[in-house]
Amino acid sequence: MKKEFGLFALLLVLCVGTAIKSPDFLSPVNLQNTTKQIGMFGIFSIGIAFVIITGGIDLSVGSVMALIGVMFSIMLNDRQMSPIVGIVAMLGIGVIVGFFHAGLITKAKMQPFIVTLGGLMLYRGMARYIANDESKGFGQVNGFDAMQAGFMDPLLGVPVPFIMLILISILMWFVLHRSVYGRHLFAVGSNEEAARYAGINTTRVTSIAYIICGVLTAISGILFLFFTPSISASNHANPYELYGIAAAVLGGCSLRGGEGTIIGILLGTALLCVLRNMINLLSIPSSMELAIIGGVILIGVLADQLLKNRPARV
């Protein structure tokens, strides 16, 4: 838990420092917007973390969200489908993408980096082709406004995406830390060959992780659609996969696999979202956003590595 306490302390310092520099940080509107973004980013970050724990990676998350956005718009506008039917279909796309990635990785023995890098370009290209490189919106789709209000308006003062993140986190905490599957997942990430010799179905464990990632990506993608109901296939959700990977790594997930906690991932997500909010409130040039976040990631991981390598006191 030392890693989590350190992250929490850093997050607290960042919040206090931003509040001192900009009193608007503590305004109800800003707090609601920040927690809403933590919810949307946190959901798919948990999915990416499951994949990272297996020793894999998913670089295609942002492109999947772009494809989901375009398909959702076409289903509601051109096909006149119900938003509920559209949501179920988008979750189905998440399952298909996860199953597709898992098949190439476990059956064709392709590297996760190559599979999802190819997916990053494939899904983005598909989204742009289907949308004819035009922005897609939802116009006067029947039922869309009501559903948007249901997903985006606060419930008892708390943004619905943040509530969804908490509920999903509780479920995923039990899956990761209190289930047989969770123990198998860590075993596969630590040493896949040893896990296989121990009788663990490593193909199934890895496949489930990628399917979980696909479903949680779809859920986040749907929330982002309601948050910004105008989709530009060329840049929608780009480069969100990097934020998800960064949140997982900051939260204690090792890119070598076999490590990670749900609490750490949540703290990593909150830290990144507060950083983005700080950059906006303090009028720091938006062009510096990735540079600042990248620097924080390097410093955080370096500090963790130095602490791990510090010799124990006798």
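Our structure's up above, just so we're on the same page.
From a predicted model like this one, the values you see are computed outputs, not experimental measurements.

J.: Account for empty space enclosed by the protein, with residues named and values stated.
T.: Counting across every chain of the model gives one cavity of 30 Å³ or more. Space inside the largest cavity adds up to approximately 50 Å³. Around the largest cavity sit Asp58, Ser60, Val61, Val64, Val97, Gly98, His101, Tyr210, Cys213, Gly214 and Thr217, which together line it. Looking at the lining of the largest cavity, the elements with two or more residues in it are α3 (61-77), α4 (83-106) and α10 (202-227). Of all the elements, α10 adds the most residues to the lining of the largest cavity, at four residues. Class assignment of the residues belonging to the lining of the largest cavity gives a composition of five nonpolar, five polar and one charged.

J.: Could you give me a rundown of the pattern of salt bridges, with the residues and numbers involved?
T.: Overall, the coordinates contain two salt bridges when judged by the stated rule. Notably, a salt bridge pairs Arg128 with Asp133, separated by 2.8 Å at the nearest N-O pair. Judged by relative accessible area, Arg128 falls into the partly exposed class, the value being 36%. Classification of Asp133 as partly exposed rests on a relative accessible area of 47%. In this structure, Glu192 engages Arg196 in a salt bridge whose closest nitrogen and oxygen atoms are separated by 3.2 Å. Residue Glu192 and its partner Arg196 are both found in helix α9 (residues 192-197); the two are separated by four residues, about one turn of the helix. Residue classification places Arg196 among the partly exposed positions, given a relative accessible area of 42%.

J.: Go over the layout of surface pockets, please, and point to the residues and values.
T.: Of the pockets and cavities examined, the second largest pocket occupies roughly 330 Å³. Lining the second largest pocket we find 16 residues, and of these Thr54, Ile105, Pro112, Glu192 and Thr206 sit closest to its centre. Broken down by secondary-structure element, the contributors of at least two residues to the lining of the second largest pocket are α4, α9 and α10. Counted by class, the lining of the second largest pocket contains five nonpolar, eight polar and three charged residues.

Conventions and cut-offs
- Residues numbered from 1 in each chain as written.
- Predicted model: local features only at pLDDT ≥ 70, side-chain atom pairs only at ≥ 80, totals over all residues.
- Heavy atoms only, no water.
- 1 Å grid on protein atoms, 1.4 Å probe; cavity = no way out; pocket = protein on both sides within 12 Å on 5 of 7 lines; lining within 4 Å.
- Points joined across faces, edges and corners; volume = space filled by probe spheres on them.
- Helix = DSSP H or I, 4+ residues; strand = E, 2+ residues; numbered from the N terminus.
- Nonpolar A, V, L, I, M, F, W, Y, C, P; charged D, E, K, R; others polar.
- Salt bridge = Lys/Arg side-chain N within 4 Å of Asp/Glu carboxyl O.
- Buried < 20%, exposed > 50% of the residue type's maximum accessible area, 1.4 Å probe, protein only.

In short, geometric facts, not functional conclusions.
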